[in-house]
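Below, each chain spelled out in residue letters.
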Amino acid sequence: MVGDGLSVDPVSTTLVAPCAGSVATLHPAGHAVTVKSEEGIEVLMHIGLDTVALRGQGFTPRVKQGEAVAAGAPLIDFDIDFIATHAKSLLTQVVISNSDRVSAWKRASGMVEAGKSEFLVLELVAEDATPADATALPAKRATSDAILIPNPTGLHARPSAVLANLAKKYKSDIRLQLGDRTANAKSLTAIMGLEVGHGAKVVVTAAGPDAGEAIAQLSKVLAEGCGDEGCVPAPAPATTTVKAEAAPPPDRRKSNDPNEILGVSASPGVAVGQVFQIRHEEIRVSEAGEGPDRERRHLDAAVAQAGAQLEALRAQLHAKSDPAKAAIFAAHQELLEDPDLLDIVESAIAKGKSAAYAWKSAIHAHAERLASLRNELLAQRANDLRDVGKRVLQLLTGVTDAAPQYPANAVLIAEDLAPSDTASMDRSRVMGFCTIRGGATSHVAILARSLAIPALAGTEPSALEVPDGTLVILDGSKGILRLHPSEAEVARIRRTQELSEKRRLENLEQANTPAVTRDGTRLEVVANIGGLKEAMQIAGLGGEGVGLLRSEFLFMERSTAPGEDEQFEAYRAIAQAVGPEHPLIIRTLDVGGDKPLAYLPIPREDNPFLGERGVRIGLDRPEILRTQLRAILRASAYGKLRVMFPMISLLTEVRDVKAMLREESARLSVEPIPTGIMVEVPSVALLAAQFAREVDFFSIGTNDLTQYTLAMDRGHPKLAPRVDGLSPAVLHFINLTIQGAHASRKWVGVCGGIASDPRAVPILVGLGVDELSVSLPSIPAIKAQIRTLDIAACRELAQRALAAESAEEVRSLVPDPDADILAEAAKAGAGTENGKPVVIASVSPSNSTASV
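This part covers the nonpolar core. The nonpolar side chains of soluble globular proteins are, as a tendency, buried together. With 92 residues, the main nonpolar core has Ile529, Tyr571, Phe698, Leu731, Ile734, Ile763 and Leu772 as its most contacted residues. For this core, the element with the most residues is helix H17 (residues 622-635), which contributes seven residues. Aside from chain neighbours lying at most four places away, what touches Ile734 is Ile700, Thr702, Leu705, Ile754, Leu764 and Leu767.

Have a look at this one:
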């Protein structure tokens, strides 16, 4: 494909120049180099087979692109043992990529000595021998749509050769365009010189008599990966422009009230305090380095030290049984080892730049590229990269930020905060924070929620102009920062918080009282948990078991899947903590393209929420699922275990996983255990009666069911406020599920977010749910609320909710469960101010899950 030449089986560890000339191309992975001779012959040397996949590991280039070299000059040093054990072959190809200029070949064979033996003699075509078809071409022109490159390692030698050879079949002049750079599509070295990476957007242009045919064929081949392994054609980009454009920022909410600043809810709750502005100073670096070797050592030491710091942070969080936060810093460790990032830094150091300058420049470029992505979730990872970059840059320069001295009752405002800033906040002094950047899915928002810090993201930039010391109320639930509140307003909110805390303690005292309505209907209130630490808290909060154990805690942050014995020990410990009389429902592994595991690679998907995830992973990789099922079956001897499968959408999926469970049960000589499914997609709700013949119970995951019903991403900064589980459409699916299940005498639980929402509880009770699986802190309040309800009134309320037109209308139907607290809190102020009612921005209700 590339051209004719020779194959060399190396016994030494340095590739040398086969002739005098200049370095025409040097692949970023360091495994291939092209030397152009003084006669214009392009000699491509490719060390090993499929070594592009090594991403530079084992290769040390000794030259730079454009550098003149003499015959026998060292080009690339390589680790012969590493490559021999990690690549398909060590055979090194020496290929004349413009073989059409060669009329005769004389090749050596057997043993030769690098840089000394003559091993290839070429006779060239006479310079005046013009091809017969190289006549003046008609001026037909054609341009392709933009094409996304699907090749995992970009256009390396093999796909470049396929493209060049195909282009040579056409008479037209054909060019490949990447941004503002172009290359002759008939030249292998020119294509490789563009360094077209995975996901890059290119355009093909042609001028000549067959321009249209050339564009059609080459576009198709490029989009399909030029025959490269592991390629999935990327979708046609929405734009045909050549230069990739930054995604427009999400529309910000804007307020017309000068004393109100709006943002996106990042973490619920209310904070009253004084503004404290955080401004990070830029670290200045010297551009010139002190020699590549010294700068490389400096960089390696800083990266290693940063990795050790992150590992210590991760271990500390693991010790506190906080896997969600630990996972964030595990992701930071991965960023430290990103090969593309390190390639850019290495390239700059090789050009004489300092390690600090090279690192700072590469981090800035990568972060800006991430921030411009249209995928909101990926764009918000730019802040993680900046955080990692700053950590290493401080180690390189010796510059450190002084530990911030937060005043008491501080509400922080910043352009952005790093995850490490959030994780180390003094919670006794910081009441809340808001940032201009970021969204509800950023790692800063995740940490804020785990620490119960009210927070806003995507706030109006005017927040940066609020003076330090300004009294504010931050409503994290509604996404509002209220400036200059009146004394009466602050007094009311503080009184509300006091009364809410009193109510919480009262509910906790009655936590072990059963959740029985006033007319005698009993509901089971259980917990959603993610590990042993939470399981040990259930009894003290009045929980009656586990409605959802997220088993992912065993699979995350590791390089290999957990074995059967390790899983068994974990499930047994949790079962013993819950107690033999209480149910423990274990959901099997629920991951996908949006949250892949390092040892479970999933091809990139354009829409991972509609791709390979949940039970589909288990059916595609049965060894993972079977191992987990065996561990669950073994642990069933220690408790009242049930198994639940996520992301079910077809009856065949249920039958397949049940067959697996029966087979593993028979192998272990263990009695089968009750089997249930998550109701997360509309198809299951619509066919609940049919599914009820196959399963023992249903658990409605309202978070995913809502986003699949409304076709809205629940983490999207713009759409999130409209993704409400009390949408009448979602309630109809819940109702269909309950009717279909109860017809076959199967029970239905709700484990999604609305199970913990006091506005939703009376409606769910009226629809006929049998179980509510809620967050741990919500258990006492939800049980207390159920004890105040009447079934007949709840059923009437549920019918009115089903007939409503919007989620807002549904919420307006439900009396505020904390109305008495609001009424009492109103007495803390005058009730009016200057003759006008005082508006309360928000309150914290007794279960800390809803706002008024």
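Resuming the write-up.
At their nearest, the axes of H17 and helix H18 (residues 651-668) sit 9 Å apart, and the two run at 55° to each other. Viewed along their axes, H17 and H18 adopt a mutual orientation that is oblique. Along this stretch, H17 crosses H18, giving a crossing that reads as right-handed. For the pair formed by H17 and H18, the contact residues are Pro622, Leu625, Arg626, Leu629, Arg630, Leu633 and Arg634 on the first element and Val657, Met660, Leu661, Glu663, Glu664, Ser665, Arg667 and Leu668 on the second. The residue makeup of the contact of H17 with H18, split by class, is eight nonpolar, one polar and six charged.

What follows concerns H17. For H17, with 14 residues, the first-to-last C-alpha span of 20 Å sits near the 20 Å given by 1.5 Å per residue. Among the residues of H17, Ile624, Leu625, Thr627, Gln628, Leu629, Ala631, Ile632, Leu633 and Ala635 are the ones counted as buried. For H17, the secondary structure elements touched by its buried residues are helix H15 (564-578), strand S28 (583-587), helix H16 (615-620), strand S29 (640-645) and H18.

Here we take up the sheet that holds strand S3 (residues 21-26). Judged by pairing direction, the sheet is antiparallel, and its six strands sit side by side in the order S1-S9-S5-S4-S3-S7 without closing on themselves. Only two strands of the sheet have a single partner each, and these edge strands are strand S1 (4-8) and strand S7 (68-69). In this structure, S1 lies alongside strand S9 (residues 92-96), joined through five bridges in antiparallel fashion. Note that in S9 the partner of Val8 across the bridge is Thr92.

This brings us to the confidence of the model for the protein chain. Of the residues in the protein chain, 81% have a pLDDT of 70 or more, and the chain-wide mean is 81. Within the protein chain, the element-level pLDDT minimum falls on strand S35 (residues 836-837), averaging 37, and the maximum on strand S31 (residues 697-700), averaging 98. Across residues 233-251, confidence stays below pLDDT 50; counting only partners more than four residues off in sequence or on other chains, it has 32 contacts. When the criterion is pLDDT under 50, residues 830-852 qualifies, and its contacts beyond four places in sequence or with other chains add up to 64 contacts.

The axes of two packed helices give the description: the angle between them and the distance between them. Closest axis-to-axis distance for the H15/H17 pair is 8 Å, and the angle between their directions is 40°. In terms of axis orientation, H15 runs oblique to H17. Helix-helix and strand crossings are classified by hand; for H15 and H17 the assignment is right-handed. Contacts from Glu564, Asp565, Gln567, Phe568, Tyr571 and Arg572 in H15 reach Thr627, Gln628, Arg630, Ala631, Ile632, Arg634 and Ala635 in H17. Across the contact of H15 with H17, the residue classes tally to five nonpolar, three polar and five charged.

Now for the sheet that holds strand S17 (residues 260-262). In space, the eight strands of this open sheet follow the order S17-S24-S23-S19-S20-S21-S22-S18, with mixed pairing throughout. The outermost strands of the open sheet, each flanked by one partner alone, are S17 and strand S18 (264-267). Adjacent strand axes in the sheet meet at a mean angle of 30° when their direction is disregarded. Pairing of strand S19 (residues 270-278) with strand S23 (residues 471-475), which is carried by five bridges, proceeds in the antiparallel orientation. Bridging across to S23, Gln274 finds its partner in Leu471.

Cut-off values and rules
Residues numbered from 1 in each chain as written. Predicted model: local features only at pLDDT ≥ 70, side-chain atom pairs only at ≥ 80, totals over all residues. Heavy atoms only, no water. Core = buried A, V, L, I, M, F, W, Y, C linked by side-chain atoms within 4.5 Å. Buried < 20%, exposed > 50% of the residue type's maximum accessible area, 1.4 Å probe, protein only. Helix = DSSP H or I, 4+ residues; strand = E, 2+ residues; numbered from the N terminus. Contact = heavy atoms within 4.5 Å. Axes fitted to C-alpha atoms, helices over the stretch in contact; angles between N-to-C directions. Parallel < 35°, antiparallel > 145°, perpendicular 65-115°, else oblique. Left-handed = near helix turned anticlockwise from the far one by under 90°. Nonpolar A, V, L, I, M, F, W, Y, C, P; charged D, E, K, R; others polar. Expected span 1.5 Å × (residues − 1). Pairing = 2+ DSSP bridges. pLDDT = per-residue confidence, 0-100.

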